[in-house]
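# Chains, contacts and geometry: an overview
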Number of protein chains: 2
Amino acid sequence: MLDHVSGRGLQRAELARRTGCNLETIRYYEKIGMIPDPPRTTSGYRIYDDTHVSRLRFILRARELGFSIDDIRGLLVLVDGGTQTCAEVKERTERHLADVRAKIADLRRIEKVLAVTAAQCSGDDAPGCPVLETLASQGDLPG
Amino acid sequence: MLDHVSGRGLQRAELARRTGCNLETIRYYEKIGMIPDPPRTTSGYRIYDDTHVSRLRFILRARELGFSIDDIRGLLVLVDGGTQTCAEVKERTERHLADVRAKIADLRRIEKVLAVTAAQCSGDDAPGCPVLETLASQGDLPG
DNA sequence: GCTACAGTCTGTAGCAACTACAGGCTCAAG
DNA sequence: CTTGAGCCTGTAGTTGCTACAGACTGTAGC
């Protein structure tokens with residue numbers, strides 16, 4: 001490299017390694033404006049530093065917690081603006097928590113139906129099957 | 001209609017109404033081979049009957065239970081072939097049930113982290129925030 | 001200096017599972 | 001005979017990535 005990635009400068013693969021992020025995902029996050037366009041070497045190679053590592057870790061962790069990209073974008077705006085208040089962040093978190101709980105409730109209803117139905121199965125060569133009957137029946141999920 | 005949709009013949013909107021399926025989704029399921037290509041009037045209108053209603057209900061209900069399109073395709077092959085056995089269906093159901101339970105477990109871990117973190121929030125105008133600190137910290141989810 | 005090879009660059013296509021148009025027909029009613 | 005609802009088609013958008021192809025760059029060995 002002519003203008004070598006000196007000091008704290010990282011290439012994309014190294015950023016990926018340090019954060020556990022997929023290589024291509026980094027470029028994707030850049031493209032959609034989740035991480036700032038990094039400076040480049042004269043030949044066009046991206047140069048990252050610790051601020052990118054932190055930001056990317058923030059994004060990945062928020063994704064692990066099920067926040068959508070748009071949610072995270074909102075959080076990042078707050079963080080970047082330096083104007084965030086704990087109350088604001090708390091409110092968004094609680095809204096997301098409510099979503100997560102709703103999803104859990106959905107899945108628990110599904111789980112119950114599947115478990116109950118599968119338990120009725122004989123498990124033998126019979127062509128009749130409680131699962132297929134449940135699927136063929138009309139009506140919404142119980143619960 | 002010249003060759004009117006007589007007797008049990010249904011148009012797409014009516015099939016949608018009876019099953020609760022989105023109008024466009026019907027066409028999509030046809031395109032990907034989940035429901036058979038229905039006969040047409042001379043002017044090209046699709047004509048459905050009760051078999052389409054049943055099949056579509058089956059698909060929708062399986063989707064409600066979280067089966068993927070591919071899972072459902074597999075179930076339909078069994079049903080169509082008339083060769084399915086209860087054991088076979090049971091096995092697929094239990095595999096899916098395991099997936100559902102894994103997703104619930106994931107979400108419960110997420111829920112816990114969010115609930116604990118949000119509970120630490122002061123909820124006032126403070127700029128520091130436990131949620132943001134959690135996101136900024138490295139490491140995987142606990143639990 | 002030359003070559004091989006790893007790493008980077010770009011744009012684009014693909015995944016699931018739909019959903020929503022635009023632009024053109026057709027059909028029944030007034 | 002016109003209006004308007006309903007149908008037809010193909011295609012693009014959604015979310016959040018992931019993976020490629022084809023070109024370029026940088027480094028190490030000879």
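Fair warning: this is a prediction, and the values are worked out from it, not measured in the lab.

Take the relation of the copies chain B and chain A next. Note on the identical chains: chain B maps onto chain A by a rotation of 180° and an axial translation of 0.0 Å, with an RMSD of 0.1 Å. A rotation of that kind, with that shift, is consistent with a two-fold axis. Residues of chain B ranked by C-alpha distance from the rotation axis are headed by Ile104 of chain B, positioned 2.9 Å from it. Most of the interface of chain B is mirrored in chain A, where 100% of its interface residues again form contacts.

Time to look at the domain arrangement of chain A. Interfaces are often sized by the accessible area lost when the parts come together. All names here are of chain A. Assigned domains of chain A: these are domain 1 (1-84) and domain 2 (89-143). Taken together, the contacts link eight residues of domain 1 with four residues of domain 2. Both sides together, the interface formed by domain 1 and domain 2 hides about 480 Å², and carbon and sulfur atoms give 69% of it. Three residues stand out in domain 1 for area buried against domain 2, namely Phe67, Leu75 and Leu78, and they jointly supply 63% of the buried area on that side. In this structure, the connection of domain 1 to domain 2 is made through zero salt bridges.

Between chain B and chain A, the contact holds 53 residues from the first and 53 residues from the second. Here chain B meets chain A over a buried area of about 4,700 Å², counting both sides, of which 71% is carbon and sulfur. At the boundary of chain B and chain A, one finds two salt bridges. A salt bridge links Glu111 of chain A to Arg101 of chain B; the shortest N-O distance between them is 2.7 Å. Where chain B packs against chain A, one counts six residue pairs in polar contact (both at pLDDT 80 or more). Of all the secondary-structure elements, those providing two or more residues to the side of chain B that touches chain A are helix H3 (50-64), helix H4 (69-81), helix H5 (86-120) and helix H6 (130-136) of chain B. Considering each element in turn, the side of chain B that touches chain A owes the most residues, 20 residues, to H5 of chain B. Of the residues in the side of chain B that touches chain A, the class split is 29 nonpolar, twelve polar and twelve charged.

This part covers the side chain of Thr134 of chain B. Residue placement: Thr134 of chain B occurs in helix H6. Setting aside its immediate chain neighbours within four residues, Thr134 of chain B contacts Arg61 of chain A together with Val113 and Thr117 of chain B.

Another point: the environment of Tyr28 of chain B. Residue and element names in this part refer to chain B. Here Tyr28 lies in helix H2 (residues 23-31). Under the relative-accessibility criterion, Tyr28 is labelled partly exposed at 42%. For the pair formed by Tyr28 and Leu75, sequence separation is 47 residues and the distance between their alpha carbons is 18 Å.

Counted according to the given criterion, the structure contains 22 salt bridges over all chains. Note that Arg27 of chain B is salt-bridged to Glu24 of chain B, the shortest N-O span being 3.4 Å. Pair noted here: Arg27 of chain B and Glu24 of chain B are both in helix H2, with a separation of three residues, about one helical turn. Close ionic contact of Glu91 of chain B with Arg95 of chain B constitutes a salt bridge, the shortest N to O distance being 3.1 Å. In this pair, Glu91 of chain B and Arg95 of chain B are both assigned in helix H5, four residues apart and thus about one turn of the helix distant. Judged by relative accessible area, which is 46%, Glu91 of chain B ranks as partly exposed. Three or more residues are tied together by salt bridges with common partners; here these are Glu14, Arg17 and Arg18 of chain A.

Turning next to the environment of Ile32 of chain A. Residue and element names in this part refer to chain A. Looking at where Ile32 falls in the secondary structure, it is placed in the loop between helix H2 (23-31) and helix H3 (50-64). Owing to a relative accessible area of 23%, Ile32 belongs among the partly exposed residues under this scheme. Through-space distance from the C-alpha of Ile32 to that of Ile69 is 9.5 Å; in sequence the pair is 37 residues apart. Residue contacts for Ile32: discarding those within four places in its chain leaves Ile69 and Arg73.

About the cut-offs
Residues numbered from 1 in each chain as written. Chains lettered and ligands numbered in written order. Predicted model: local features only at pLDDT ≥ 70, side-chain atom pairs only at ≥ 80, totals over all residues. Heavy atoms only, no water. Least-squares fit on C-alpha atoms with pLDDT ≥ 70 in both. Contact = heavy atoms within 4.5 Å. Domains from an automatic or database assignment. Buried area = accessible area lost by both parts, 1.4 Å probe. Salt bridge = Lys/Arg side-chain N within 4 Å of Asp/Glu carboxyl O. Polar contact = N/O pair within 3.5 Å; in protein donor to acceptor, adjacent residues only side chain to side chain. Helix = DSSP H or I, 4+ residues; strand = E, 2+ residues; numbered from the N terminus. Nonpolar A, V, L, I, M, F, W, Y, C, P; charged D, E, K, R; others polar. Buried < 20%, exposed > 50% of the residue type's maximum accessible area, 1.4 Å probe, protein only.

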